[in-house]
Amino acid sequence: MDNVVKTRLQSVQFGEAQTYKNITILPLIAPADGTFQYRTLGEALATWDIAITEVSAAGSVPDLMVVNRANKPVLLIDGEELAGAKQNRVLNTSILIKEVSETKIPVSCTEQGRWSYASQAFAESGNVMAYKSRSRKTRSVHESLQSCGAPVSNQGEVWNGIAELQVKACCTSPTSAMSDVYKARDEDLRQCDETFKPVANQIGLLAFIGGKPAGVELVSLISAYAKLHPKLVRSYALEALIESRPSPAGAGQGGTPAPGEGKSGASAVSLEPSIPAQAHAFLAEIVAADERQFPSVGHGTDYRYKARALAGTALVHEKEVVHAAFFRLEETGQPVQLAPLRRRRQYRE
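Residues numbered from 1 in each chain as written. Predicted model: local features only at pLDDT ≥ 70, side-chain atom pairs only at ≥ 80, totals over all residues. Heavy atoms only, no water.

Side note on the packing of aromatic side chains
- Under the counting rule described, the total for this entry stands at three aromatic pairs.
- An angle of 35 degrees between the planes, with centres 6.4 Å apart, marks the rings of Phe36 and Tyr38 as tilted. A single burial state applies to Phe36 and to Tyr38, both of which are buried.
- A ring pair is formed by Tyr131 and Tyr236, whose centres lie 5.4 Å apart and whose planes are at 25 degrees; its orientation type is stacked. Taken as a pair, Tyr131 in helix α3 (residues 131-148) and Tyr236 in helix α7 (residues 222-243) lie far apart in primary sequence, 105 residues in all.
- Judged by relative accessible area, which is 8%, Tyr131 ranks as buried.
- Judged by its relative accessible area of 0%, Tyr236 falls in the buried class. (Phe/Tyr/Trp six-rings, centres within 6.5 Å; stacked < 30°, edge-to-face > 60°. Buried < 20%, exposed > 50% of the residue type's maximum accessible area, 1.4 Å probe, protein only. Helix = DSSP H or I, 4+ residues; strand = E, 2+ residues; numbered from the N terminus.)

Below is the structure:
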């Protein structure tokens, strides 16, 4: 592993664990903030300094156009969803959009049943792709980079993942939109917003679902992470809540709360011994993963990581890890099933 990424991972400290139902978030604390400055997508859109549109009037499912009018880079993170135009999309990889530039960016569709303009430009949806779908997308983009040098996802797999979410959530959507699943679970997700507040000097998180590590997120700037924190948390919480099951008596779910736990299900108790041990083991597994480097669409270098049950990505620029994400992969043993070719073409015409 590159020393920059390894050093960043090994430098983080663990904050106090926060728990709601079957989700535990372990804050990652930075001993020092990053120095390279940039803006998040939400900040740039709020001041009209960035515009994201279809690449043409006809549109192209796997590509969008970004115009940055400002003299500061803009960070778009892997899995971040853009809403509007001809259909909602998510970023295939983290991109640091260059100052005063026009950039074609690689994306995946998260709204299969619409191919008509809802708006001329995209807005921030407030969502990051649910973590299991995002982990599989990370793996498929890595495979595409290795085989043809382009950050292209397996679109059929993305659609299948969203369909699976809709079934598990008992959610219907007229356009098979990922965002509709988030809307259907909004009440529970709002409780997560209240439970999982960012803490001082937090630059990332390590998410546990059902007591097991699910993923790690890191951002170089404390201020940028604070803005991204709610939707990063929700990307893990959504599937965790859908898959949650009632806990045994006395575990803090209903009835008498577990020691240190409030009525909301939030916990502020000291870390259980298994949590820090698993966290250290997961970070060690990430450090040992196979690494490949590829040119980024914007500033920096796109690092990709792969292990037996792990996929990851890191955007590095000027010797700083601007954004990194690592995921535990499900070991299904089943080959990836592509959507029928006719369906994959349907919304590109």
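On we go.
Some thoughts on empty space enclosed by the protein
- Here the structure, examined in full by the defined rule, presents one cavity of 30 Å³ or more.
- If you add up the space inside the largest cavity, you get close to 30 Å³.
- If you go around the largest cavity, the residues you meet are Thr93, Ser94, Pro151, Pro295, Ser296, Val297 and Asp302.
- In the lining of the largest cavity, the residues fall into three nonpolar, three polar and one charged. (1 Å grid on protein atoms, 1.4 Å probe; cavity = no way out; pocket = protein on both sides within 12 Å on 5 of 7 lines; lining within 4 Å. Points joined across faces, edges and corners; volume = space filled by probe spheres on them. Nonpolar A, V, L, I, M, F, W, Y, C, P; charged D, E, K, R; others polar.)

Brief notes about the packing of helix α6 (residues 186-195) against α7
- Packing of α6 against α7 leaves a shortest axis separation of 10 Å and a crossing angle of 130 degrees. Judged by the angle between their axes, α6 and α7 are oblique. Helix-helix and strand crossings are classified by hand; for α6 and α7 the assignment is right-handed. On α7, the residues touching Asp186, Asp188, Leu189, Arg190, Cys192 and Asp193 of α6 are Pro230, Arg234, Ala237, Leu238 and Leu241.
- Among the residues making up the contact of α6 with α7, the classes are represented as six nonpolar, no polar and five charged. (Axes fitted to C-alpha atoms, helices over the stretch in contact; angles between N-to-C directions. Parallel < 35°, antiparallel > 145°, perpendicular 65-115°, else oblique. Left-handed = near helix turned anticlockwise from the far one by under 90°. Contact = heavy atoms within 4.5 Å.)

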